[in-house]
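The primary structure of each chain is shown beneath.
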Amino acid sequence: MNILVSLDSNYIYPLCVMLHSLAKTNPDGHFDIYVAYSSLTEEDFERMNSALNGTNAVIHRVLVDDNIFAGAPVLGRLSKETYYRLLISDILPENVHRLLYLDPDIVINKDLSEFYNLDMQGNAVAAGTHLFGIMEKGNLARLGMKKTSRYINAGVLLIDLDEWRKTVTLQQIFDFISANIKKLLLADQDVINVMFEDKMLYIDERLYNLDEKTFSSYFRKKAINLDWVRKNTVIIHFNGKHKPWREKNYRGKLGEFFEKHKDI
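All values reported here derive from a predicted model rather than from experimental measurement.

Cut-offs applied
- Residues numbered from 1 in each chain as written.
- Predicted model: local features only at pLDDT ≥ 70, side-chain atom pairs only at ≥ 80, totals over all residues.
- Heavy atoms only, no water.
- Salt bridge = Lys/Arg side-chain N within 4 Å of Asp/Glu carboxyl O.
- Helix = DSSP H or I, 4+ residues; strand = E, 2+ residues; numbered from the N terminus.
- Buried < 20%, exposed > 50% of the residue type's maximum accessible area, 1.4 Å probe, protein only.
- Pairing = 2+ DSSP bridges.
- Axes fitted to C-alpha atoms, helices over the stretch in contact; angles between N-to-C directions.
- Left-handed = near helix turned anticlockwise from the far one by under 90°.
- Contact = heavy atoms within 4.5 Å.
- Nonpolar A, V, L, I, M, F, W, Y, C, P; charged D, E, K, R; others polar.
- Parallel < 35°, antiparallel > 145°, perpendicular 65-115°, else oblique.
- Phe/Tyr/Trp six-rings, centres within 6.5 Å; stacked < 30°, edge-to-face > 60°.
- Lys NZ or Arg CZ within 6 Å of the ring centre and 35° of its normal.

Applying the stated rule across the entire model yields 16 salt bridges. The residue Lys80 makes a salt bridge to Glu81 at a minimum N-O spacing of 3.6 Å. Asp227 serves as the salt-bridge partner of Lys231, at 3.1 Å between the closest nitrogen and oxygen. Linking Lys231 with Asp227, this pair stays in helix 11 (residues 226-232), spanning four residues, or about one helical turn. The exposure class of Lys231 is exposed, given its relative accessible area of 56%. When its relative accessible area of 36% is taken as the criterion, Asp227 is described as partly exposed. Residues joined by salt bridges that share partners form a network here, namely Asp227, Arg230, Lys231 and Glu256.

Printed below as a string of structure tokens:
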């Protein structure tokens, strides 16, 4: 199973929690973990290996030029490393045909194999949304996307790399960023939404990319509760400004899933 992460040193601790949760919930899995970075240290990689200790996982370092996305818009709580997932067609080996991109602020709650082996139906990317109603419509309009499309969250991306390479080139991505720099309010997530709009498979975010706001939305509709999440949700995503590792009294409902793996 190929997994891609991209980050700087500020996110090493949550990444190690994610890797620890991956090892605990997928004990029989073999993982090739590609780490795209420009400024990580030897100590950072030692911490990653420690989190994976005793598992069948190999970390592959993918060093990226620090200046490659100079000038691209970045949100205050994000780093330029968020853009590195856009480089996958050129920085990963040609024998990597499928991979799962995961943000560092994630916890794996169940076995990943069913999701990883999902029938992509000829699409390049499979992802779920965190926006609904007027918020989603506003983002679709801002980017000139179809009203029938969904605006996906790019923190969890199952990628058919062969289809990705057929759909866009790295130069087309650079050109798009340059031409639309004022529109990209949500950085590379906007880029992925637009450039793969017609090659996107929508997945159930309750199962594969559940964050606090999405949980609250479905909870109000009585569609899910914490017991449902414990039994069914595979990937839990602590996106946004509130993080369980930064707040002593984390108020989110999903904090228990981070608590299970925080001691590494």
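Next comes the rest of the write-up.
A few words now on the pairing of strand 1 (residues 2-6). The buried count for strand 1 comes to five of five residues, which makes it a mostly enclosed element. The two faces of strand 1 match: Asn2, Leu4 and Ser6 on one face and Ile3 and Val5 on the other face are all buried. Alignment of strand 1 against strand 2 (residues 31-37), held across five bridges, turns out to be parallel. Among the inter-strand pairings, Leu4 is bridged to a residue of strand 2, identified as Tyr34. Relative to strand 4 (residues 98-102), strand 1 runs parallel, the two being bridged by two bridges. Residue Ile3 lies in a different strand from strand 4, and its bridge partner there is Leu100.

Put simply, helix 7 (residues 170-179) and helix 8 (residues 187-195) touch, their axes get as near as 11 Å, and they point 115° apart. The handedness of the crossing between helix 7 and helix 8 comes out as right-handed. Between helix 7, through Gln172, Ile173, Phe176 and Ile177, and helix 8, the contact on the second element is made entirely by Val191, Val194 and Met195. By residue class, the composition of the contact of helix 7 with helix 8 is six nonpolar, one polar and no charged.

To continue, consider the pairing of strand 7 (residues 156-160). Within strand 7, five of the five residues are buried, which leaves the element mostly enclosed by the surrounding structure. On strand 7, burial covers both faces: Val156, Leu158 and Asp160 on one face and Leu157 and Ile159 on the other are all buried. For strand 4 and strand 7, the ladder comprises five bridges, and the chain directions are antiparallel. Residue pairing in the sheet places Leu99 in a bridge with Ile159 of strand 7. Relative to strand 7, strand 6 (residues 125-127) runs antiparallel, the two being bridged by two bridges. Each residue of the ladder has a partner; that of Val125, found in strand 7, is Ile159.

The set of residues buried in helix 10 (residues 212-220) consists of Glu212, Thr214, Phe215, Ser217 and Tyr218. Packing partners of the buried residues in helix 10 comprise helix 9 (205-208), helix 11, strand 9 (235-237) and helix 12 (255-259). In the segment just after helix 10, Lys222 is the residue with positive phi, at about 60°.

Where helix 1 (residues 12-25) meets helix 2 (residues 42-51), the axes come as close as 8 Å, and the angle between the chain directions of the two elements is 25°. Taken together, the axes of helix 1 and helix 2 lie roughly parallel to each other. With respect to the hand of their crossing, helix 1 and helix 2 are arranged in right-handed fashion. Note on element contacts: helix 2 touches helix 1 through Asp44, Arg47, Met48 and Ala51, opposite Ile12, Tyr13, Leu15, Cys16, Leu19 and His20.

For the rest of this paragraph, the subject is the packing of aromatic side chains. Taken as a whole and assessed by the stated rule, the structure comprises 12 aromatic pairs. Measuring from centroid to centroid gives 6.3 Å for Tyr11 and Trp245, while their planes differ by 75°, and the two rings are edge-to-face. Of this pair, Tyr11 sits in the loop between strand 1 and helix 1 while Trp245 sits in the loop between strand 9 and helix 12, and the two are 234 residues apart along the sequence. Measuring from ring centre to ring centre gives 4.3 Å for Trp164 and Phe196, while their planes differ by 35°; the resulting arrangement is tilted. Here Trp164 is found in helix 6 (residues 161-167), whereas its partner Phe196 is found in the loop between helix 8 and strand 8 (200-202), with 32 residues between them in sequence. In textbook terms, an aromatic cluster arises when at least three aromatic residues are bridged by ring pairs, as seen for Tyr11, Tyr13, Phe238, Trp245, Tyr250 and Phe258. Taking NZ or CZ as reference, Arg206 lies 5.3 Å from the ring centre of Tyr218, over its face. Its guanidinium or amino end placed over the ring of Tyr218, Lys221 lies 5.4 Å from that ring's centre, counting from NZ or CZ.

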